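Close look at the chain arrangement
One-letter residues, chain by chain:
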Amino acid sequence: MNRVIARKLAANVSRLKVRQEYFCTDAAARVSGFYRGQSSQEHKEKNDFANNIQQYDIAIVGGGMVGMALACSLASMPLTKHLNVAIIDGNPALGSRVSLNKGDPPDARVSTVTPATISLFKDVGAWQYIEQNRHAYFDKMQVWDYTGLGYTRYNARDINKEVLGCVVENKVLHDSLLSCIETSDFQKTFHPSRLTSMTLHPSSSSMGMDSTLLKTPSSSLGHLAKLELSDGKSIFAKLVVGADGGKSRVRELAGFKTTGWNYSQDAVICTVEHSVENQCAWQRFLPAGPIALLPMGNNFSNIVWTMNPKEAMNRKLMNEDDFVKDTNAALDYGYGPHPKSSLLEMGDMFSWLRGDVTLSATEGFEVPPKVVKLASERMVFPLSLKHANDYASKHVVLIGDAAHTVHPLAGQGVNMGFGDALALSRVIAEGIAVGIDIGEVTMLKKYEEERKRENIMMMAILDGFQKAYSVDFGPLNLLRAAVLHGANYISPLKRNIISYASGDQRLPLFS
Amino acid sequence: MASKLLNHCHLRALCSTHVFSPRFPHPTRATLTLLHFRPFSDAPSSPPPEKPQSYNNTRNDIGMEKGPTQTPSSLKELELVKFASIAETWWDSEGPFKPLHVMNPTRLAFIRSTLCRHFRKDPNSSRPFEGLKIVDVGCGGGILSEPLARMGAAVTGVDAVEKNIKIARLHADLDPVTSTIEYCCTTAERLVEEERKFDAVISLEVIEHVADPAEFCKSLAALTIPDGATVISTINRSMRAYATAIIGAEYILHWLPKGTHQWSSFLTPEELVLILERANITVKELAGFVYNPFTRRWSLSDDISVNFISFGTKNAQ
Ligand SMILES: Cc1cc2nc3c(=O)[nH]c(=O)nc-3n(C[C@H](O)[C@H](O)[C@H](O)COP(=O)(O)OP(=O)(O)OC[C@H]3O[C@@H](n4cnc5c(N)ncnc54)[C@H](O)[C@@H]3O)c2cc1C
Ligand SMILES: C[S@@+](CC[C@H](N)C(=O)[O-])C[C@H]1O[C@@H](n2cnc3c(N)ncnc32)[C@H](O)[C@@H]1O
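Definitions and cut-offs
Residues numbered from 1 in each chain as written. Chains lettered and ligands numbered in written order. Predicted model: local features only at pLDDT ≥ 70, side-chain atom pairs only at ≥ 80, totals over all residues. Heavy atoms only, no water. Helix = DSSP H or I, 4+ residues; strand = E, 2+ residues; numbered from the N terminus. Contact = heavy atoms within 4.5 Å. Areas by Shrake-Rupley, 256 points an atom, 1.4 Å probe, with all protein chains shown as cover. UniProt positions renumbered as here; feature names shortened; annotations may be inferred. Buried < 20%, exposed > 50% of the residue type's maximum accessible area, 1.4 Å probe, protein only. Phe/Tyr/Trp six-rings, centres within 6.5 Å; stacked < 30°, edge-to-face > 60°. Lys NZ or Arg CZ within 6 Å of the ring centre and 35° of its normal. Near = heavy atom within 4 Å. Polar contact = N/O pair within 3.5 Å; in protein donor to acceptor, adjacent residues only side chain to side chain. Nonpolar A, V, L, I, M, F, W, Y, C, P; charged D, E, K, R; others polar. Pairing = 2+ DSSP bridges. Axes fitted to C-alpha atoms, helices over the stretch in contact; angles between N-to-C directions. pLDDT = per-residue confidence, 0-100. Core = buried A, V, L, I, M, F, W, Y, C linked by side-chain atoms within 4.5 Å.

Here we take up the overall build of chain B. Looking only at helices and strands, one finds 10 helices and 8 strands in chain B. Sequence separation of 24 or more characterises 69% of the internal contacts of chain B that already satisfy a separation of 6 or more. About 13300 Å² of surface is accessible on chain B, with carbon and sulfur atoms providing 58% of the total.

Right, dumping it as structure tokens:
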């Protein structure tokens, strides 16, 4: 399989080489409309060049998980499967696929995929590949904190679901999408290169009688965006999709501003091993931030542990035994006692909230399985939150981390991106159904409207969590413990919170 | 004036039960005398009635269709001057034609579903109109013609204002898929004289600007092949339409230049159905467009009180 891709890439590269010649002359510049007013003979030549250059319906910049999910989604829908798509990514992982061996310990970079993401993968035909590889469903989740005042246990049964989510290594997610696109007969071209610059053509919206467009000999490239790649090639597309991650070049070149901040906190990420299988997702809030223990199948779990940068560096460098000891403390008696299940400390101040709602059977507090061994290197990532003020303008649109990055808490990052990919492919299909040009901004704004609402909501929740749990104020602790505790008893409320976290697209709390 | 009003009310009473429902049996009572059903009197603040058409030079000044004026014409000069004056803004999705841009996906969805069903085309195809010849009468800058071409139709776009046709041509040439559209500065009547025929004849938001809607519908019918389709959309002559389209869109939201619409020229759905019936077209489907100010989108609905669209088929003679 790897060799097949390598060959395809090589073929594409050689094709690109031939084409590059066109761009060595100034004809290329003329094609893009920089020079105007040539003779009609030149004009004709220009159009001949136009017929030879690489034109696509869509150029996806960034073939990461989200970019590939978009490609798969487009390939799977009747109205979009005819589209001619370029995928641009300089990451060698796209060309030489990683070998996935179920026997190896799991990679530390994992995602908690929600039921909504699972159904997207099933719809595009990629879930079958996940099933052939390592993945771990979980149907229970326990959240508690170090004060010992409250805890919450979620169960998939509470929301009439089989599972709450599934933990999958990022490389498995990515590889399944690549396999999926490989086996489809979708017209795609991989460009193993990076985007360096981009010209989004002068919008035809201001097309006045005296404006430049009237003077320009009409060119069939007039409605296209031009992308320049690091290997010197240029390609044209009706729509450029920025799926190029948190440091998106597309976002920068399109001039979209972002809002965001760093948390001056880092996440330590690694794989650990237990002596028994872990089947629950655990999250405990510690004074410096949360630690999460996610089941990875077999006896493995994944750890995402948030703390201040100095501590993080410390924990990355300390010897393995000490790290394991620290981890076990953080998930058990470290920093404070186990929570009691009684509401005594709170009095009954939340009784009004409960009303006449039937209480769900309370499940007892449990201690996570002990970590016996570190099973991967420890990685440290800074936490930040960033959101693009716009996702779309004429000919260009952002999806995934290019539009928003969140800290890994609650594992929502890539799920938001998958939600974007699905929403965008649907909006494109709707546009095609009624003959709208796929670069048309009114159509793209519809995508933006839909996703911005969702994403901002999710980001606000995550940021709220982050803020609430990174400051150690006594009363605040009491309050959040009460909320956690309350959530355990008030079923409908709890249902809404989990539904939201599992991607059911409902407003939390008030639906 | 009073008798006109009476006539109008009479018509309403007679037809309402048959015609108001979105799908209805053939309104066979189309034998009413309908020639004078367009009252000016009940327009709250309509401008004074225009003078009868005078064909003078202004025509050429604004670059509209030239030619012999002897044939009965649907042209209404004042209307055309209005369109010529804002022709440059056709493709500015935030400009004067914004409502048409925003409404476009919705009305195209109606056209897609009715034409696919009638002509038995695959609704899952990205080019379902492949093999259909469609004329877009009063195409303006081509806002509708281009999507129709992308959906696979062989499109002819005609408009009485030459400036519009120029803009439409330039814009369509930007994309090879739309560059196949045939644009001409002409009128429906002229096409009839040339004996052109089309599988589907579409004229959206035009009939309220023409001189004689009944004659205009006859021309549209004449361009339609037997068992072909005729699609027309326009604004209802109702108080709500007055409030929404004129006060709202022209005066408050400034979407449309003031004076774009003349309330008295609006047709009610029942009037449209009847004049189409007389032109040998049976209306089979009628839908309303409603605007949701919160989502800022249009959607199709049974509410035909403001904007509505009709799909009819030409009876085989
Ligand atoms: C430490 C950490 C832990 C995380 N943990 C979780 C978790 O537990 N759960 C979860 O759901 N999410 C998690 N996330 C977030 C998740 O990894 C991202 O949301 C996800 O990877 C976003 O995918 P993407 O495709 O948008 O971007 P990326 O995965 O960043 O992919 C971007 C792609 O674009 C390519 N690219 C970049 N620039 C260019 C260019 N100029 N030209 C061409 N190609 C370019 C890159 O090579 C790359 O392949 C975590 C993130 C981090 C940093
Ligand atoms: C409101 S616009 C509608 C444009 C287009 N049909 C759409 O819906 O996007 C009305 C158009 O009809 C044209 N028009 C008005 N009277 C006409 C007539 N009698 N014959 C042909 N075109 C006419 C005008 O020039 C104008 O472009």
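Before going further, it helps to spend a moment on the UniProt feature "binding site: S-adenosyl-L-methionine" (unreviewed entry) in chain B. Residues and elements named next belong to chain B. In the numbering adopted here, UniProt assigns the feature "binding site: S-adenosyl-L-methionine" (unreviewed entry) to Arg107, Gly138, Asp159 and Leu204. Tracing the backbone through its elements, the reader meets arginine 107 in helix H4 (residues 98-118). Not counting residues up to four positions away in its chain, the partners in contact with arginine 107 are Leu100, Ile143, Leu144, Leu204, Glu205, Phe289 and Ile309. With respect to the element layout, leucine 204 can be found in strand E4 (residues 198-204). Residue classification places leucine 204 among the buried positions, given a relative accessible area of 7%. Other than its neighbours up to four places away in sequence, leucine 204 contacts Arg107, Ile111, Val137, Leu144, Val231, Ile232, Ser233 and Ile309.

All chains considered together, the criterion is met by 8 aromatic pairs over all chains. A ring pair is formed by B:Trp90 and B:Phe97, whose centres lie 3.6 Å apart and whose planes are at 5°; its orientation type is stacked. B:Phe97 matches B:Trp90 in its accessibility class, with the two residues each being buried. Among the aromatic side chains, those forming a connected cluster through ring pairs are A:Phe121, A:Trp127, A:Tyr137 and A:Phe418. One residue, A:Arg378, lies across the ring of A:Phe323, its end atom 5.1 Å from the ring centre.

Before going further, it helps to spend a moment on the site of ligand 2. All names here are of chain B. Lining the immediate environment of ligand 2, one finds 20 residues, of which Ser74, Arg107, Gly138, Asp159 and Leu204 sit closest. A distance of 2.9 Å separates an oxygen atom of ligand 2 from a polar atom in the side chain of arginine 107. Between a nitrogen atom of ligand 2 and a main-chain N or O atom of alanine 160, the distance comes to 3.5 Å. Contact with the protein chains removes 98% of the 600 Å² of surface that ligand 2 exposes when unbound. Among the elements of the structure, helix H3 (77-85) and H4 are those that each provide at least two residues to the shell around ligand 2. Residues of the shell around ligand 2, tallied by class, amount to 12 nonpolar, 5 polar and 3 charged.

So, about the UniProt feature "domain: FAD-binding" (unreviewed entry) in chain A. According to UniProt, the feature "domain: FAD-binding" (unreviewed entry) maps to residues 232-325 and 379-453 of chain A in the numbering used here. Secondary structure within residues 232-325 of chain A divides into 22% helix and 53% strand; the distance between the first and last C-alpha atoms comes to 52 Å.

A few words now on the sheet that holds strand E7 (residues 165-169) of chain A. Residues and elements named next belong to chain A. Strand order in the open sheet formed by 3 strands is E3-E7-E4, with antiparallel pairing between adjacent strands. A strand with exactly one partner marks an edge of an open sheet, and here the two such strands are strand E3 (110-113) and strand E4 (136-138). Here the average twist between neighbouring strands, direction ignored, is 25°. Where E3 lies against E7, 4 bridges are found, and the strand directions are antiparallel. Within the sheet, the bridge partner assigned to valine 110 lies in E7 and is glutamate 169. Helix H5 (residues 115-124) rests against E3, E4 and E7 of the sheet, and its axis sits at about 95° to E3.

All names here are of chain B. Per-residue confidence for chain B gives a mean pLDDT of 76; residues scoring 70 or more make up 68%. Here residues 1-62 is modelled with pLDDT under 50, and outside its nearest four sequence neighbours on either side it reaches 101 contacts, counting other chains as well. Predicted confidence is poor over residues 65-69, with pLDDT under 50, and the contacts of this stretch with residues over four places away or in other chains come to 15 contacts.

This part covers the nonpolar core. A:Ile58, A:Ile428 and B:Phe129 are the most contacted members of the largest nonpolar core, which totals 108 residues. Considering each element in turn, this core owes the most residues, 9 residues, to helix H4 (residues 65-76) of chain A. The contact partners of A:Ile58, leaving out residues within four places of it in the chain, are A:Leu74, A:Leu83, A:Asn84, A:Val85, A:Ala86, A:Ala237, A:Leu239, A:Val241, A:Ile428 and A:Ile438. Core analysis: the next-biggest nonpolar cluster, separate from the first, contains 27 residues, B:Val273, B:Ile275, B:Ile281 and B:Val283 among them.

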